[in-house]
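Analysis of the macromolecular model
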Amino acid sequence: MTSRLPVRFLLPDAYRVGGTVRTVFNLAGALADRHDVEIASVARSSAQPALDPPPSVRLVPLDEDGIAAYVRAAHDGVLIGTRPGLNVTLARLARPGVVAVGQEHFHLAHHSVEQQAEMRRWYSRLDAHVSLTERDAAAYRQLLGTAAEVRRIPNGIADPGVSPSTTGAPLAVAAGRLARQKGYDRLLRAWQQVREVHPEWRLRIFGEGPHRPRLEAMIERLDIAASVELAGFTDRLPDELARGSFFVLSSRFEGLPMVLLEAMSCGLPAVSFDCPTGPRELVTSGVNGLLVPPDDVPALADAIVEMIELGPRRVEMGAAAYTTSLRYRTPAIAAQWEALFEELAPLADRR
């Protein structure tokens, strides 16, 4: 695409830390090299954004009453929603001539029956709906039939700017918001079993969230405080990841877990629940990590022990993880979005 376009993202709250915010900021920054990019934040949870937006990208705070006016004010370019409610708003209110794209950052089954009914009703008026994984795209095609154009474009990750892990330290790492979705309660139960076999290993979990008091109490109750650290938020996550030997993803559900990609880009193999959706598209068990059946805590513990006992083979798996991550670098993902914009532009006037 040669012409410079206005490209506008709608985020629920661009002022908080989260995978969706990070991926949108990464993509927006890459697109800003060739387009005029703006991020509109429906809510504003703090005076300043927790993550710095790319310097060439405008960040515009809205309020709930301003969403409709913001969408209606766009006369050209591209509008991209990032949650079902925002996608429905685009479908209902975007003007002809504007490319309206809905994006999904979780997976279809995460949403209620009522939300899915709204999607079925309105998504046919979008120019396209974008899912992060092939599995989720297939689910959306089944829901929407031929009424809507469904594509798969994964999240993109930036170059971490660190040397890949040597995978030699007795340290496993995890990262993400301390909330139920991330399943750290299950990881702590698994780690109790790991500690009995390998007491010399430590687990470090990065992130903050509402479950911190509950997890702190659980660490004491399980008597694993000597080997587990809730390390809090860090703005140097790649450096911290690269100090570990492997990454653990214990989530109950995901879209396409950005933190897993970030860990792989730091040369870490992964032990991951095969939760819906994303890990299966990133992790080839026995090659760049180990996949575990969803919700099977004893199997997670066994896989962590197996990863520990692989020893030098972790180096090969870490190298394979790094190679996998290269396919998801932001410039390559931005190019897929630009190709989609170019394809959809002639269709936008038909809405």
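All values reported here derive from a predicted model rather than from experimental measurement.

Calculation notes
- Residues numbered from 1 in each chain as written.
- Predicted model: local features only at pLDDT ≥ 70, side-chain atom pairs only at ≥ 80, totals over all residues.
- Heavy atoms only, no water.
- Helix = DSSP H or I, 4+ residues; strand = E, 2+ residues; numbered from the N terminus.
- Rg over C-alpha atoms; globule rule 2.2 N^0.38 Å.
- Buried < 20%, exposed > 50% of the residue type's maximum accessible area, 1.4 Å probe, protein only.
- Contact = heavy atoms within 4.5 Å.
- Areas by Shrake-Rupley, 256 points an atom, 1.4 Å probe, with all protein chains shown as cover.
- Core = buried A, V, L, I, M, F, W, Y, C linked by side-chain atoms within 4.5 Å.
- Phe/Tyr/Trp six-rings, centres within 6.5 Å; stacked < 30°, edge-to-face > 60°.
- Lys NZ or Arg CZ within 6 Å of the ring centre and 35° of its normal.
- Salt bridge = Lys/Arg side-chain N within 4 Å of Asp/Glu carboxyl O.
- Pairing = 2+ DSSP bridges.
- Axes fitted to C-alpha atoms, helices over the stretch in contact; angles between N-to-C directions.

A few words now on the overall build of the protein. A tally of helices and strands in the protein yields 13 helices and 13 strands. Expected size for 351 residues packed as a compact globule is a radius of gyration near 20 Å; at 21 Å, the protein falls within 12% of this value. Dimensions along the principal axes, computed over C-alpha positions, put the protein at roughly 65 × 40 × 35 Å. The buried share among the 351 residues of the protein stands at 56%. Considering only residue pairs separated by 6 or more positions, the protein has 68% of its internal contacts joining residues 24 or more positions apart. Entry remark: accessible area of the protein is about 14600 Å², with carbon and sulfur atoms responsible for 50%.

Time to look at the nonpolar core. Grouped together as the largest cluster of nonpolar side chains are 35 residues, with contacts concentrated most on L187, L188, I205, F246, V271, L300 and I304. At 8 residues, helix α11 (residues 297-309) tops the list of elements feeding residues into this core. Grouped together as the second largest cluster of nonpolar side chains are 31 residues, Y15, V24, A28 and I153 included.

The next subject is the packing of aromatic side chains. Tallied over the entire structure, the rule returns 3 aromatic pairs. Arranged with centres 5.6 Å apart and planes meeting at 35°, the rings of W201 and F246 form a pair that is tilted. With W201 in the loop between α6 (184-197) and β9 (202-206) and F246 in strand β11 (residues 246-249), this pair connects stretches of sequence that are 45 residues apart. Residue W201 is classed as buried on the basis of its relative accessible area, which comes to 6%. For R92, the ring lying beneath its charged end belongs to W122, and the centroid distance is 5.3 Å.

Turning next to the pattern of salt bridges. A complete count under the given rule lists 19 salt bridges for this structure. The shortest N-O distance in the salt bridge between R151 and E343 comes to 2.4 Å. Pair noted here: R151 is in strand β7 (residues 150-152) and E343 is in helix α13 (residues 330-344), with a separation of 192 residues, a long-range link. R186 serves as the salt-bridge partner of D295, at 2.4 Å between the closest nitrogen and oxygen.

To continue, consider unusual backbone geometry. For the peptide bond that leads from P276 to T277, omega is -10°, which places it in the cis range. With respect to the helices and strands, T277 occurs in the loop between β12 (270-273) and α10 (279-282). With phi around 55°, T167 is a residue other than glycine that occupies positive phi space. The residue T167 is located in the loop between β7 and β8 (171-175) in this model. In this structure, D223 is a non-glycine residue whose phi angle is positive, near 60°. Within the secondary structure, D223 is located in the loop between α7 (212-221) and β10 (228-232).

This part is about the sheet that holds β9. Read across the open sheet, the 6 strands follow the order β10-β9-β8-β11-β12-β13; overall the sheet is parallel. Two strands close off the open sheet at either side, each with one partner strand: β10 and β13 (289-292). Across the sheet, the mean angle from the axis of one strand to that of its neighbour is 20°, orientation sign disregarded.

Function cannot be read off these values alone, since they describe shape.
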